[in-house]
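Coordinate inspection notes
Listed below are the residues making up each chain.
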Protein chains: 4
Amino acid sequence: MRPWSASSSSRTVGDSVDKLGVAVIGSGYWGTNLVRNFRNHPDWDLVAVCDLDPARAARVVGQRSTIDLLSDVDELLARSDVTAVAIATPASTHHALTLRALAAGKHVLVEKPIAESLDQAAEMITAAQAAGRVLMVDHTFCYTPAVRYIRDALAAGDLGDLLYVDSVRINLGLVQPDVNVFWDLAPHDLSILDFVLPGGLAPQTLSAVGTDPLGAGTECVGHLSMPVAPEVLAHVHVNWLSPVKVRQMIFGGSRRTLVWDDVNPAQRISIYDRGVDLPTQRENASDRRASTISYRLGDVVVPALPEREALSSMVGELAAAIREERAPLTDGHAAMRVLRLLSASDSSLATGAPVRLDDSRSAA
Amino acid sequence: MRPWSASSSSRTVGDSVDKLGVAVIGSGYWGTNLVRNFRNHPDWDLVAVCDLDPARAARVVGQRSTIDLLSDVDELLARSDVTAVAIATPASTHHALTLRALAAGKHVLVEKPIAESLDQAAEMITAAQAAGRVLMVDHTFCYTPAVRYIRDALAAGDLGDLLYVDSVRINLGLVQPDVNVFWDLAPHDLSILDFVLPGGLAPQTLSAVGTDPLGAGTECVGHLSMPVAPEVLAHVHVNWLSPVKVRQMIFGGSRRTLVWDDVNPAQRISIYDRGVDLPTQRENASDRRASTISYRLGDVVVPALPEREALSSMVGELAAAIREERAPLTDGHAAMRVLRLLSASDSSLATGAPVRLDDSRSAA
Amino acid sequence: MRPWSASSSSRTVGDSVDKLGVAVIGSGYWGTNLVRNFRNHPDWDLVAVCDLDPARAARVVGQRSTIDLLSDVDELLARSDVTAVAIATPASTHHALTLRALAAGKHVLVEKPIAESLDQAAEMITAAQAAGRVLMVDHTFCYTPAVRYIRDALAAGDLGDLLYVDSVRINLGLVQPDVNVFWDLAPHDLSILDFVLPGGLAPQTLSAVGTDPLGAGTECVGHLSMPVAPEVLAHVHVNWLSPVKVRQMIFGGSRRTLVWDDVNPAQRISIYDRGVDLPTQRENASDRRASTISYRLGDVVVPALPEREALSSMVGELAAAIREERAPLTDGHAAMRVLRLLSASDSSLATGAPVRLDDSRSAA
Amino acid sequence: MRPWSASSSSRTVGDSVDKLGVAVIGSGYWGTNLVRNFRNHPDWDLVAVCDLDPARAARVVGQRSTIDLLSDVDELLARSDVTAVAIATPASTHHALTLRALAAGKHVLVEKPIAESLDQAAEMITAAQAAGRVLMVDHTFCYTPAVRYIRDALAAGDLGDLLYVDSVRINLGLVQPDVNVFWDLAPHDLSILDFVLPGGLAPQTLSAVGTDPLGAGTECVGHLSMPVAPEVLAHVHVNWLSPVKVRQMIFGGSRRTLVWDDVNPAQRISIYDRGVDLPTQRENASDRRASTISYRLGDVVVPALPEREALSSMVGELAAAIREERAPLTDGHAAMRVLRLLSASDSSLATGAPVRLDDSRSAA
């Protein structure tokens, strides 16, 4: 049930007998984070960093390091001390690099989005299965203590029936002409929902609205709506143009409501034992308000969460999946479910109408 | 330019020469607030409260009061010491009561929504014009110092071009089988937008999504989307089922962004001198992030706002409009623009598709 | 155990059989609040308001009221329909007015501070006992749901052993040449501590530090320190010159810590199940930090509190004490314990050294 | 005026011509942070880490590193490629290690507190002067953008006359039997005040109150009071037993007040253009409140601050001081002023009375 937390706690610092060799491909912003986490993790031995720009790779590993710096992927994939590769290059290269790495017998961790099309993603999944190698996607937020807590709370039924989900992820963002705000930010919301909702995220329709008020050439403000059950809407607001940083998810339940405020480290998760109870009988009373509403105003609980870096847990899960020869928590199928919804958002934007989806789970 | 603030400041407490007589019809929750404000306002003499339930009216005025308590509207409207009436009864009675009051020569303040249909509202407006009487709708939020500030800031162009508007109004609410969450809460958002946007709120399309996850018989969670200019979306989230109370509006601008957080009295309005600047030239640089984005990270200003009760300013504006024989700031046309959008939300919910609107302003 | 909440809930609105007649003396800022609360409370019939300035009294009761307006206290005290008087006049008049009211057979509610000297207060208490009348002091905060909650939590031992109390009450305040910041603000902190600490507030020493940085002629910034048990310090910071409004009390406990943040209505009280555990054994380990510290990082609970106006509960308690012929929760002895500490603060300021106190409880 | 920011911005990443060799002595919690910052800084080449426990040093530098690991300080100090050493060992070793390093011709950065006694500190300062080497103390907070901003604001007179300073630094802390809460936490407050107050921190008296409510063997809760000018009090509250983390400093001024809230990254500094204005004339008006008080309720400005790691700026300043052959911003004299106040707190705790200090500046 909790393989990654178990596996990471069973290993102690300095126990270097069975470290796995890993290389990071791409030393930009995210590659730098991966380098730092692989380097400090007891399960891993970071043997090489590969980048077309050797100076950039050199800066990332820093001085007085013997980590190998390569600019040739083939050279990297030919090495026998590399068990796994982490691909942190632009999305357009994910498909080809992953297939090459799998063909060379490497396990693969790939940044989101896994690929640029569903066909590419399916091909990558098939290739990994054929090669008997782990294919993992870096849905980082799924490895935060907060998301783990939400997943457990929903699985345990702590909230009662789910009534709605509201997710807001807005901030000054990186306006990029080739990726709109949905493809940049919504993978976080979608992968989290896929991870925490019992049964995963498999809406039957999806509706997207987006605007480009700056004339940037791509949508900078967007709203996604998906029914995740009858009369239960998940709504996602993504926005690159907000100087206020909001990262909040509300999971409204019939018994309790969970609020995750990720920019408040002192109180990331709050569980409200509050709600609206419907009357069993409604009378035509003169004072409608009194007759039709019943509040439950219970306590709020702020659970203690460990402060643990998500990326460290994530690379630990990669090691565990490789050793235990199992699928990682965020595998290619999860990546594909997210990709299918992003593709649907493109369709909805193009047509201005909701898009029907086949059941993501059966498709995956 | 600022008639209501001017008129209210020119009058001093105790200057009772020219008080206007007023009666409140309906002594429920909102009627109670009106009674308190008319009673304490230097422009008004509250002469009577009218309610079908005399005991309720008695409780509202309290002991040792000589305010008349009536249960018969005709008796009330026949009185010569009543210059204006404030109608705080259920929405289904607004149309008939307003017409009777206007016929009796009274000025009328009516709660939102002004009526149940556009035809009714149009008839009320026509009747007021014919009678030469003021017809005012109680869009209370328009009389808060914060909304006044926003109106002035937008009129002055302080934000640059408007890029988007995002409004969230969620709380544990009064689930009512005969009014959905849009009709209950969105009048606030819509009347505010109508008040602050230069030119008013006149979208060409409107799209509504709503759910009834409790099985309450009506939508309890809703989202409204309206383009208020090309590529400029106003989005409104209304929700009766949130134990967290959020009342926030963001007005994103090309120069500055204004955030109104109405549940934070110490910092209701923040003006962010921050934003995203597009590069004039885009190159195909290796590091996309550096080339395509330019943040402006300036200061945030929290303007000092007076703490003044909106209802008091509102009843002051009613007196000023009567005396100056002019339309009040929130007149029947404003009410009708809001009503038109609420009606459109019903259509959108019914069809599941965006609804086209004629231009509200020409229609009004 | 909870007389006031019981008594107020047992009475219903409109049950006017046994209303008690009351008059408010003094219609300034606080008198206005008292008028509003007596007027709306089911236990009370506000029969008169007495002020040297009749116009001010008239404004406070408003138009169309039959509440009597008097400027002569003797006339007021002679009335048989006045069971109790509430004295909201300057502190220098409290002693004389209270004695006159008691002599006339009235029960008395008096604003804080009860008097200007301990001798005066003692005389007032004795007079009330001799007359068989209630003497109550308006320690308003003691009637808030939050303070009630804190009192119950401490009485139940929920926090374990008390380790420290830290109270901050700072805001832009009313600089008055005749009252320093201790006499203006600290009565709140001291009366609350007296109310919630099991056994009341009876420090053996008190130390005060105050400054007058504006040259206002009186201390505007102050700090009070009082050991409330061996090695358990209560510290109070009062300040008229802070543009930030802070009203926070922390009750640190060996098991839990309670934080009361009175300017955050959504989360006034938080109970932290967190603390520092001392090791039973200390070793001379190389890493001191690991060996000498043990954190307990449990959940935080935010209890649901009713939003109830404290003044309404306070006037209800006055009625209950009169009817039940008992001392009110905040009686003359409580007032005197607070007064003794304020007097001690004067001594400490004058000498620049801590002041020894006799045990307040035995003295009271 | 701003040597460190100038010097750090004039150097670019990868410009390795004139890197300075540095070694870190002590690889505990703080040594780890120093290692990370020296390693990533363009001015420095981290050549060695020295620790009595080689395994600990190995963990700190990580795998695949050629940074030398030493356990012998003499061996380290004999190396010619080491220009400076950073001493992050227990306080009791600072004096001896610093003298040895200076004797070997090294520049020295030493953790706070610089030494255990004023005599030791004076000896260290003299030795550095004699050797012509930089002696710098790691007052880390002085290198944060927030503290830099405060220093500039006070130097420019933006706040008008300083009225009071209130500093709160409370959190669950490391209870250590050999260091009390003053020596652990107050060096931060004192070094910050020394850095930002024009003229430095040189109170003529200091008063300390501390308690040990847990029976930990040392003070865990403490309050410091120091007049920094006539009628201008600086108060510091330090506390290891608070589950709420507060790191707030208020600088009250006659024109503006600055609040630094270090646990709120989105709004660390707020400048309130609010205050209390004294009337020029006071009349004996009936309403004291109106006559004696005048609020100024202006805007609040939240200045944009860069998010920059303080330790990185600090090690940059060390390099600049060495190259420019000048004293660093936080030199031995600053350390000694802080040490003098900590020693005074010991005296005040022992006697229970305020302690007189000679003028720190002349002494330094």
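Residues numbered from 1 in each chain as written. Chains lettered and ligands numbered in written order. Predicted model: local features only at pLDDT ≥ 70, side-chain atom pairs only at ≥ 80, totals over all residues. Heavy atoms only, no water.

An unreviewed UniProt entry annotates chain A as Oxidoreductase of Janibacter melonis.

Quick word on unusual backbone geometry
Looking along the chain, the bond that leaves K112 of chain B and enters P113 of chain B is cis, with omega of -5°. Among the secondary structure elements, P113 of chain B is positioned in the loop between β5 (107-110) and α6 (118-131). At R64 of chain B, a position not held by glycine, the phi torsion is positive, near 50°. In this structure, R64 of chain B sits in the loop between α3 (54-61) and β3 (68-70). The residue E231 of chain D is not glycine, and still its phi comes out positive at about 65°. (Helix = DSSP H or I, 4+ residues; strand = E, 2+ residues; numbered from the N terminus.)

Regarding the confidence of the model for chain A
All names here are of chain A. Residues of chain A with pLDDT of at least 70 account for 89%, and the chain-wide mean is 90. Here residues 1-16 is a poorly scored stretch, pLDDT under 50, and it has 22 contacts once near neighbours within four places are set aside; other chains count. Predicted confidence is poor over residues 360-364, with pLDDT under 50, and the contacts of this stretch with residues over four places away or in other chains come to 10 contacts. Model confidence for the complex is summarised by a pTM of 0.92, with the ipTM given as 0.90. (pLDDT = per-residue confidence, 0-100. Contact = heavy atoms within 4.5 Å.)

Examining the domain arrangement of chain A
Quoted interface sizes are often the accessible area lost when the parts come together. Residues and elements named next belong to chain A. Assigned domains of chain A: these are domain 1 (3-141 + 311-330) and domain 2 (145-307 + 339-363). Taken together, the contact between domain 1 and domain 2 spans 12 residues of the former and 17 residues of the latter. For the pairing of domain 1 and domain 2, the buried interface totals around 1200 Å² over both sides, and the portion due to carbon and sulfur atoms is 72%. At the boundary of domain 1 with domain 2, the tally comes to zero salt bridges. Per-class residue counts for the side of domain 1 that touches domain 2 are eight nonpolar, two polar and two charged. (Domains from an automatic or database assignment. Buried area = accessible area lost by both parts, 1.4 Å probe. Salt bridge = Lys/Arg side-chain N within 4 Å of Asp/Glu carboxyl O. Nonpolar A, V, L, I, M, F, W, Y, C, P; charged D, E, K, R; others polar.)

What about the nonpolar core?
Within the largest apolar cluster, 230 residues are counted, with the highest numbers of intra-cluster contacts made by F38 of chain A together with F38 of chain C. Aside from chain neighbours lying at most four places away, what touches F38 of chain A is V22, V24, W44, L46, A86, L109, V315 and L318 of chain A. (Core = buried A, V, L, I, M, F, W, Y, C linked by side-chain atoms within 4.5 Å. Buried < 20%, exposed > 50% of the residue type's maximum accessible area, 1.4 Å probe, protein only.)

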